[in-house]
Amino acid sequence: MKLVPYAVLVGARADDESREAALHREIHKEIAGKADIVRLLHTMESNDERQLF
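(A) Focus on the pattern of salt bridges. Scanning all chains against the criterion turns up 4 salt bridges. A salt bridge links Arg 25 to Glu 26, with the nearest nitrogen and oxygen atoms 2.6 Å apart. Residue classification places Arg 25 among the partly exposed positions, given a relative accessible area of 32%. One salt bridge connects Lys 29 with Glu 26, and the closest N-O pair in it is separated by 3.2 Å. Taken together, the residues span about one helical turn, with Lys 29 and Glu 26 both in helix α1 (residues 19-31) at a distance of 3 residues.

(B) Fine view of a nonpolar patch on the surface. There is a patch of nonpolar side chains on the surface, built from Leu 41, Met 44 and Phe 53 and spanning about 290 Å² of accessible area. Relative to the elements of secondary structure, Phe 53 occurs in the segment after β2 (50-52). With relative accessibility at 31%, the residue Phe 53 sits in the partly exposed group.

(C) How the structure looks around unusual backbone geometry. Positive phi, normally seen in glycine, also occurs at Ala 32, with a value near 50°. Mapped onto the elements, Ala 32 comes out in the loop between α1 and β1 (43-45).

(D) Inspection of α1 at higher detail. When the terminal C-alpha atoms of α1 are compared, their 18 Å separation across 13 residues agrees well with the 18 Å that a helix rising 1.5 Å per residue should span. Those residues of α1 that fall on the buried side of the exposure criterion are Ala 22, Glu 26 and Ile 27. The arc that holds every buried residue of α1, seen down its axis, measures 125°, which confines them to one face. Remark: Ala 32 follows α1 within two positions and exhibits a positive phi of approximately 50°.

Thresholds applied
- Residues numbered from 1 in each chain as written.
- Predicted model: local features only at pLDDT ≥ 70, side-chain atom pairs only at ≥ 80, totals over all residues.
- Heavy atoms only, no water.
- Salt bridge = Lys/Arg side-chain N within 4 Å of Asp/Glu carboxyl O.
- Buried < 20%, exposed > 50% of the residue type's maximum accessible area, 1.4 Å probe, protein only.
- Helix = DSSP H or I, 4+ residues; strand = E, 2+ residues; numbered from the N terminus.
- Patch = residues over 30% accessible without salt bridge, like charges linked within 9 Å, V, L, I, M, F, W, Y side chains within 5 Å.
- Areas by Shrake-Rupley, 256 points an atom, 1.4 Å probe, with all protein chains shown as cover.
- Expected span 1.5 Å × (residues − 1).
- Arc of directions from axis to C-beta.

Laid out in structure tokens, this is it:
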């Protein structure tokens with residue numbers, strides 16, 4: 001079986017912060033990095049969940 005590389009985006013938005021603030025916080029927390037946020041790439045919705053990429 002061939003393994004395929006993949007990436008996972010960080011999450012965990014608090015109710016009182018923007019998407020952008022949550023992304024900056026999570027990237028700093030997980031990899032001690034900084035991000036330049038350019039745009040929203042994709043929105044995926046299911047019955048009870050909405051994910052932004």
